[in-house]
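One letter stands for each residue in the lines below.
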Amino acid sequence: GGTASTYNIGGNVALNGTGTFNLGTVANIINITGNATVAGSIVFSTGVAKTVNLTGNLSGGGTVNMSGGNLAHRLNLGGATNAITTFTSGTGSIVTYNRSGDQTVFGGALANLTISGGGNKSAQAAITLSNTLTLNSGVLQLGIYNLTLNNNTATAIQGTPSGTSMVETNGAGYVVRNAAATTPILFPIGSEGVYAPISISATNPTTGTISGRTTKF
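Predicted model, so just to flag it, every value in this text is computed and none were measured. Counting of residues starts from 1 at the beginning of each chain's written sequence and follows it residue by residue. Only residues with pLDDT of at least 70 are given local features in this predicted model, and only at 80 or more are side-chain atom pairs given and counted; all residues enter the totals for whole chains, interfaces and linings. Excluded from the side-chain calculation are hydrogens and water; included are all heavy atoms of the structure.

**Side note on the side chain of Asn151**
Heads up, the condition is: The helix and strand labels rest on DSSP assignments: H or I over at least four residues marks a helix, E over at least two residues marks a strand, and numbering proceeds from the N terminus. Contacts described as polar in this section are N or O atom pairs within 3.5 Å, which, within protein, must combine one atom able to donate a hydrogen with one able to accept it, while residues neighboring in sequence count only if both atoms come from side chains. Note on definitions: a residue-residue contact is assigned when non-hydrogen atoms from the two residues lie within 4.5 Å.
With respect to the secondary-structure elements, Asn151 resides in the loop between strand 18 (147-149) and strand 19 (157-159). From its side chain, Asn151 meets the backbone oxygen of Asn131 in a polar contact 2.8 Å long. Within the local environment of Asn151, its side chain forms a polar contact with the side chain of Thr153, the two groups lying 2.9 Å apart. Sequence-distant contacts of Asn151, that is, excluding residues within four places in its chain, are made with Leu129, Ser130, Asn131, Thr132, Ala156 and Arg177.

So, in structure tokens, the structure goes:
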């Protein structure tokens, strides 16, 4: 219970040992201007959606749990490097990379992923999305890792893809989509600043997955 509040932390945060930082059941906003090192757990609990804005880097062998109530909790990451050992998503949770420049992107199973701020956002492991990929500004570089979009609706990809706002298949990684997705099935991919999307208008059979990437000749 309680009243929704905004908490401003003007420095680094270290959550040690098995400690739990529970964000409460009201619409709290946590602004952290430094780095966050998480050895314990950050829990986005039930009630209403919460927001964490992290300006610095995310690291640690702990847990970020955004599953509370399957709400539209928001984790906005502004640091150059981002990693967490255990990440638990809810169906409505949103992770946004918004640094004005390059960032690393942690992998795992997420509901919604937003790429903003420009620069290159480099995947550090495979990423699986259950809901949406939003491309506002910035290039999500896959390297050797796959990006899998399980959502088979027409709204699975949001934003306006372009040479500066796309998924770059700059290695062995693929964009993997559900073959039963609403056609045309878009792969918002490219390489080296060139947007070269793939659009598939029909599939037969409509089961399994379809993988796509660009290849440099």
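**Looking at the packing of aromatic side chains**
Selection rule: Between the rings of Phe, Tyr and Trp (Trp by its six-membered ring), a pair exists once the centres lie within 6.5 Å; its type follows the angle of the planes, with under 30 degrees stacked, over 60 edge-to-face, and the other angles tilted. Buried residues are those whose accessible area, probed at 1.4 Å on protein chains only, stays under 20% of the maximum for their type, while exposed residues exceed 50% and partly exposed ones sit between those limits.
For the structure on display, the rule yields two aromatic pairs. Seen in terms of ring centroids, Phe87 and Phe106 are 5.3 Å apart; in terms of plane orientation they differ by 50 degrees. Their pairing is tilted. Of the two residues, Phe87 is situated in strand 11 (residues 86-89) and Phe106 in the loop between strand 13 (103-105) and strand 14 (108-115); the sequence distance between them amounts to 19 residues. Accessibility expressed as a relative area gives 15% for Phe87, which makes it buried. In this structure an aromatic cluster arises from ring pairing among Phe87, Tyr97 and Phe106.

**Digging into the sheet that holds strand 24 (residues 194-195)**
Using the following cut-off: Strand pairing is defined by DSSP finding a minimum of two bridges between the two strands.
With mixed pairing, the six strands of this open sheet are ordered in space as 13-15-17-20-23-24. Edge positions in the sheet fall to strand 13 and strand 24, since each of these pairs with one other strand and no more. Pairing between strand 20 (residues 165-168) and strand 23 (residues 189-191): two bridges, direction parallel. Residue Val167 lies in a different strand from strand 23, and its bridge partner there is Ile189.

What is shown is where atoms sit, not what they do.
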